[in-house]
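Chain by chain, the residues run as shown.
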Amino acid sequence: MPISSSSDPVPRGDPAAMARPDPDALVARLRQAREQAGRGRLRIYFGSNAGVGKTYAMLAAAQRERHAGRQVLVGLVETHGRKETAQQLHGLEQLPLRDLAYQGRTLREFDIDAALQRRPPVLLLDELAHSNAPGSRHPKRWQDVDELLDAGIDVWTTLNVQHLESLNDVVGGIVGVTVRETVPDQVFDDADEVIIVDISPDELLRRLKDGKVYMLEQAERASRNFFRRGNLLALRELALRRTADRVDEDMRDYRRERAIGTVWPARERLLVAVAGNPGDAALVRQVARMARRLDADWMVVYVDAPERQHRPRSAQAAVLRTLALAARLGAETATLPGTDVAQALVAFARERNASRLVLAQSPRPAWSPWRWWTRSMPDRIARLHPDIDVLVLSGGLRPGQAAAQEAGVPERPRPLAWKGYAGVTLACLAATLLAEQLLRIFDPANVVMLFLLIVVLSSLRWGRGPGAWAALLSVLCFDYFFVPPRGSFHVNDTQYLFTFVLMLGVALVCGQLMARLRHEARVAAERERRAGALARLARDLSGALTQEQVAEIALRTVSGVFEAQAGLLLPDEDERLVAVAGSACAMDESIARWSMDHGQPAGQGTDTLPAAPARYVPLAAPVRMRGVLVLQLRRPRNLDVPEEQRLLEACASQVALALERQHFVAVAQQTQVAMEGERMRNTLLSAVSHDLRTPLTTILGAAEAAQRRVPPGDAADMLEQVRSQAQAMQRLVENLLDMARLQQGGVHLQREWLPLDEVVGSALRQMRARLQQHPVSTDVPADLPLLQLDALLMERVLVNLLDNAAKYTPAGTPLAVRARLVQEDMREEVQLDVQDAGPGLPGHLPPQALFEPFTRGSPESTVSGIGLGLSLVRSIVDAHGGRIEALPALPGPGTLVRMHLPVPEQPALD
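Visitor: Got a minute to help me understand the packing of aromatic side chains in this structure?
Guide: Within a pair of aromatic rings, the relevant descriptors are the distance that separates the centres and the angle that separates the planes. Scanning the model with the defined rule gives 2 aromatic pairs in all. The interplanar angle of 55 degrees and the centroid separation of 4.8 Å between the aromatic rings of F46 and F188 together place this pair among those described as tilted. Of the two residues, F46 is situated in strand β2 (residues 42-47) and F188 in helix α7 (residues 185-190); the sequence distance between them amounts to 142 residues. With centroids separated by 5.0 Å and ring planes inclined at 80 degrees, the aromatic side chains of Y480 and F481 adopt a geometry described as edge-to-face.

Encoded structure:
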């Protein structure tokens, strides 16, 4: 029985919703809505187990959508041989699968590129937790779904409860099987709609027996193992509880958005401490569920204390895996340096204002001699920070479960540092030989200091273990070689026993202090290396003036800091990614393009194309993506450390900011040069126009006077040509003057209420002689509303458009002037069209480029003009608050120039 859980479960008519909402919440909602704009919707059919009918319910809903007229595309559906499910595919279009070669076999997988190219309204993609074949773009199908949603495609999919990451250990404890294919809970929580498909365990077992879930042989094995009634009951409860948690989250969101009371007085913040123990993964999953129920922020940290330095590599790898798991579940992760775990945790909790600190239960053995002398970790934290709540949770591991089970490989003991112990032994023997010579001059008490020096140096050089061995060996050597009776461990004077104990204690303390100093020095060196590298990069980039300098500094710094071959891909003018000079590694442009388009890292060590030999890091600047940084690491595991990842992100951010700064500096310089050139050009045009105006007026007046006195003939025709060319030159000069005045802000519109038909008629009368060879049709309704126009300038607009149409069309070509009242963006406006039936718009220029100054349709055109008429037209229309565009005439051929003039509130007329 499908039950829907959507993101708006409460009716909007709730009277309590009339309370004033929180302004910060409103801003957050607006920001979230802006981020979600254009993103597809995700619907998950959720069930407790295979065979409950998730795929069938999804296909049945798809059939209903198809009959309603909506296009539905099947990306991939697994029927598992079930006839009823296969019948639901009838009539649905299916996307061809992609063939992938792997280890001599051909695997058929979902084709994400074909789906993105098709961009269907709804795409069906079964089994959200599926692991893609090696060589696919993403390792997991849920990552394919995320990319499809970003492209604006609605996706419907299916999911079983055992595949949720936070419930993975719980399900493993119930059924005794560890599920390897998991989906982060964030994907489930961010789904727009979750439809739970539920049937009773008895009905599911009956379907299994009838062969409707698996084939009969496979069904028999499943009924003996996974499909036991107790397992089905427990999984059903988990699925229903998880869906109920989601409904509860939706209710809390509804209350917050509408300010219906207060759910909690303050937002919870949980701090989880992990130590590389076998139960850390279970602890993280348990806290993830707790944080979801509390709607709390949570952080997972590991304290890199000195006593943890000599743990096996598998334990250190387990810490990195646990931190990666926490990040997938939505936590913030960090590695803290410190000599005392409790103090480091308390300091971080105070810094981040954590309200609760969560620890895993780690009982100390009853036989431990330190049990009665040391406080437990929760006691020490409570003593240091009484205001924080300390929660001690069980890791949830079964007895005898080892850390190697988490890693999937058997644990091997770490070999002892034989070189350190051998070096300590040789150093103690050398000190003994030297002390033998010094005893001729000094007392035995002074020789003890020599052995203490050996202990200190050994601890500083080789660490805690060799330092403790040096302390013990020094006492033994001093007793055997220098305390009577010499050559024996017997002691005649009991005072030497106190000397031995004191010497051993001082040596051990000094050794441990030096080992701690060594650890702190190493941690400080690492932090200084990261801070120094970032400071050097920022300093060098601050002085870079060109893109080439930024690229050279970035490649030099990044390759040295991360011990990698580095490359840089930057977009050119056509947005193609081009490798800069000095790139030292092989780069795949397709991976770099995906990383830049999606703003996410890709390649080695990421969730996108992890088999690639290099890591691709997008250079995200505040305005846009500025390129892709490529790293081919010599030791890829270095970037598993969270601090190294943050250092790489910080370096990429610095490079992106430098590239963006350089880009805007170049734009500012070009703009300044263009403004200066425009100012000089306007000044020159204004001066030339004024100088041409007087002789043109004289020529035009003389030609018109001579025409009245000369009889028709050749002389009269010549005078008509002189008059016509003088008028064309006069219009050009007037255009130059008007353009110069408009760009200098020297023209003020003389607005008055005018009917549009009068302006059109005046322009046509002015162009009567010029349009003698072109039939002109007009359609300007007399009932159009009045407009506030500058009559002379608007006449100039129509004169220029008509003159332009007459110049670029053959004689006899009809022209048309039309106007109509339209509703545009919730306001009224008048559309005024000037259309010709000429050759149409030039193909090599975008239509709006025709309105730029000194732009002509064809540079080789024999038509006179300098390309200022349309530019002046756009300036005048813009000054009136309108806009203008050039369109192809439909039905063609020809060109349509359309003006959009706003209709103001009409005046009161008597």
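Still more ground to cover, so stick around.
Visitor: I would appreciate a short explanation of the sheet that holds strand β25 (residues 883-888) in the present structure.
Guide: Within a beta sheet, neighbouring strands are joined by backbone hydrogen bonds and run either parallel or antiparallel to one another. The mixed open sheet is built from 5 strands, whose spatial order is β21-β23-β24-β26-β25. Each edge of the sheet is formed by a strand with only one pairing partner; in this case those strands are β21 (776-779) and β25. The sheet shows a mean angle of 20 degrees between the axes of neighbouring strands, direction not considered. Looking at chain direction, β25 and strand β26 (residues 895-902) are connected through 6 bridges and run antiparallel. Within β26, the residue paired with L887 across the bridge is L896. The strands touched by helix α24 (residues 756-766) are β21, β23 (815-824) and β24 (827-836); relative to β24, the strand with the most contacts, the crossing angle is about 20 degrees.

Visitor: I would appreciate a short explanation of the sheet that holds strand β18 (residues 615-620) in the present structure.
Guide: Read from one edge to the other, the open sheet built from 5 strands follows the order β16-β15-β19-β18-β17, with strand pairing classed as antiparallel. With partners counted over all chains shown, the strands left at the sheet margins are β16 (577-579) and β17 (602-603), one partner each. Relative to strand β19 (residues 625-633), strand β15 (residues 564-571) is paired through 6 bridges, and the arrangement is antiparallel. Considered in β19, the bridge of L568 is made with L629. Contacts from helix α21 (residues 589-598) reach β15, β16, β17, β18 and β19 within the one sheet, and its direction differs from that of β18 by about 40 degrees.

Visitor: Is there a simple way to explain empty space enclosed by the protein in this structure?
Guide: It is a probe the size of a water molecule, rolled over the atoms, that shows where empty space is left. Tallying each qualifying case throughout the model produces 3 cavities of 30 Å³ or more. Approximately 70 Å³ is the volume found for the largest cavity. R98, E109, F110, I112, N132, S136, R137 and D144 together form the lining of the largest cavity. In terms of residue class, the lining of the largest cavity is made up of 2 nonpolar, 2 polar and 4 charged.

The rules behind each value
Residues numbered from 1 in each chain as written. Predicted model: local features only at pLDDT ≥ 70, side-chain atom pairs only at ≥ 80, totals over all residues. Heavy atoms only, no water. Phe/Tyr/Trp six-rings, centres within 6.5 Å; stacked < 30°, edge-to-face > 60°. Helix = DSSP H or I, 4+ residues; strand = E, 2+ residues; numbered from the N terminus. Pairing = 2+ DSSP bridges. Axes fitted to C-alpha atoms, helices over the stretch in contact; angles between N-to-C directions. Contact = heavy atoms within 4.5 Å. 1 Å grid on protein atoms, 1.4 Å probe; cavity = no way out; pocket = protein on both sides within 12 Å on 5 of 7 lines; lining within 4 Å. Points joined across faces, edges and corners; volume = space filled by probe spheres on them. Nonpolar A, V, L, I, M, F, W, Y, C, P; charged D, E, K, R; others polar.

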